[in-house]
Amino acid sequence: SQQGEEDPQALSIQEGENATMNCSYKTSINNLQWYRQNSGRGLVHLILIRSNEREKHSGRLRVTLDTSKKSSSLLITASRAADTASYFCATDPTGANNLFFGTGTRLTVIP
Amino acid sequence: EAQVTQNPRYLITVTGKKLTVTCSQNMNHEYMSWYRQDPGLGLRQIYYSMNVEVTDKGDVPEGYKVSRKEKRNFPLILESPSPNQTSLYFCASRPGPGGYEQYFGPGTRLTVT
């Protein structure tokens, strides 16, 4: 399977702290994306990083990519209770329409 | 409002009774996909389409069919559902070449007894 794996599976932090989630994958990629899912709802795209990029920022989100280690991390700074959700990385090997999702990190932010 | 819609949102059916889950997008996207989400397995792609009349198998296509007769619609067909197809199903679309962000529908929770 080309699915990625997120680590940790679950993370619980206090409001205001930073949250870091990691993703490892197996094959070469065109791009890697992070999505968020609130409890059984549809996924929402957060950020995309291309294979030739090492770091990207969007608001309180920071994504890094290390293609030599086949890994990525998502940092959420100054977390809020509303950030409570599951976060998934998804790898796009070719830029076509196959997207391979990891199993997700369940983040709980305690007010 | 730009969106992907799915119907029905919830469905309970019996083994062997053919069903169709509809998916429609109003963003003129070229690419569409179906995923299933199961606990501990994340999302897995069932089928995808890169244009009208162009479909291809994803990771877990067995037991499913799709069609893409119009750009906006991408129905998922279960000809003879079985209990192992009980799952949460998501339709998604994206613009096309170079537009990688996927827009997801709200999901269809299917139970096959």
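All figures in this text were calculated on a predicted structure; none of them were measured in a lab. (Residues numbered from 1 in each chain as written. Chains lettered and ligands numbered in written order. Predicted model: local features only at pLDDT ≥ 70, side-chain atom pairs only at ≥ 80, totals over all residues. Heavy atoms only, no water.)

Caption draft 1: Structural detail: the sheet that holds strand β1 (residues 5–7) of chain A. Residue and element names in this part refer to chain A. One open sheet accounts for five strands, arranged β1-β3-β8-β7-β6; its pairing is antiparallel. A single partner strand is all that each edge strand has here, and the edge strands are β1 and β6 (55–58). On average, adjacent strands in this sheet sit at an angle of 20° to one another, irrespective of strand direction. Bridge analysis of β6 against strand β7 (residues 61–66) gives four bridges, and the strand direction is antiparallel. Counted as the bridge partner of Glu55 is Thr64 from β7. (Pairing = 2+ DSSP bridges. Helix = DSSP H or I, 4+ residues; strand = E, 2+ residues; numbered from the N terminus. Axes fitted to C-alpha atoms, helices over the stretch in contact; angles between N-to-C directions.)

Caption draft 2: Examining the packing of aromatic side chains more closely. Per the stated rule, a full pass over the model turns up seven aromatic pairs over all chains. Here Phe101 of chain A and Tyr35 of chain B contribute two aromatic rings whose centre-to-centre distance is 5.4 Å and whose plane-to-plane angle is 90°, an arrangement assigned as edge-to-face. Of this pair, Phe101 of chain A sits in strand β10 (residues 100–101) while Tyr35 of chain B sits in strand β4 (residues 31–38), placing the two residues on different chains. Both residues of the pair, Phe101 of chain A and Tyr35 of chain B, count as buried. Plain terms: the ring middles of Tyr35 of chain B and Phe104 of chain B are 5.6 Å apart, the flat faces sit at 40° to each other, and that makes the pair tilted. Here the residue Tyr35 of chain B occupies a position in strand β4, and Phe104 of chain B occupies one in strand β10 (residues 103–104), the gap between them amounting to 69 residues. Accessibility assignment for this pair places Tyr35 of chain B and Phe104 of chain B in one class, buried. Through pairs of rings, three or more aromatic residues link up here, namely Tyr35 and Phe101 of chain A together with Tyr35, Phe90 and Phe104 of chain B. (Phe/Tyr/Trp six-rings, centres within 6.5 Å; stacked < 30°, edge-to-face > 60°. Buried < 20%, exposed > 50% of the residue type's maximum accessible area, 1.4 Å probe, protein only.)

Caption draft 3: Highlighting the state of the cysteines. Taken as a whole and judged by the stated rule, the model has two disulfides over all chains. Cys23 of chain A shares a disulfide with Cys89 of chain A; S-S distance 2.0 Å. With the S-S dihedral at roughly 65°, the linkage between Cys23 of chain A and Cys89 of chain A falls on the right-handed side. Of the two residues, Cys23 of chain A sits in strand β3 (residues 19–24) while Cys89 of chain A sits in strand β9 (residues 85–92), which places them 66 residues apart along the sequence. Classification of Cys89 of chain A as buried rests on a relative accessible area of 0%. Note on cysteine connectivity: Cys23 of chain B is disulfide-linked to Cys91 of chain B, with sulfurs 1.8 Å apart. A torsion of -70° about the S-S bond marks the disulfide between Cys23 of chain B and Cys91 of chain B as left-handed. Here Cys23 of chain B, found in strand β3 (residues 19–25), pairs with Cys91 of chain B, found in strand β9 (residues 87–94); they are 68 residues apart in sequence, far enough to count as distant. Classification of Cys23 of chain B as buried rests on a relative accessible area of 2%. (Disulfide = S-S within 2.5 Å.)

Caption draft 4: Structural view of the interface of chain B and chain A. Taken together, the contact between chain B and chain A spans 25 residues of the former and 24 residues of the latter. Where chain B packs against chain A, one counts one salt bridge. Linking chain B to chain A there are four residue pairs in polar contact (both at pLDDT 80 or more). Counting residues per element, the ones that place at least two in the side of chain B that touches chain A are β4, β5 (42–51) and β9 of chain B. Element by element, the count of residues in the side of chain B that touches chain A is highest for β5 of chain B, at seven residues. Grouping the constituent residues of the side of chain B that touches chain A by class yields twelve nonpolar, nine polar and four charged. (Contact = heavy atoms within 4.5 Å. Salt bridge = Lys/Arg side-chain N within 4 Å of Asp/Glu carboxyl O. Polar contact = N/O pair within 3.5 Å; in protein donor to acceptor, adjacent residues only side chain to side chain. Nonpolar A, V, L, I, M, F, W, Y, C, P; charged D, E, K, R; others polar.)

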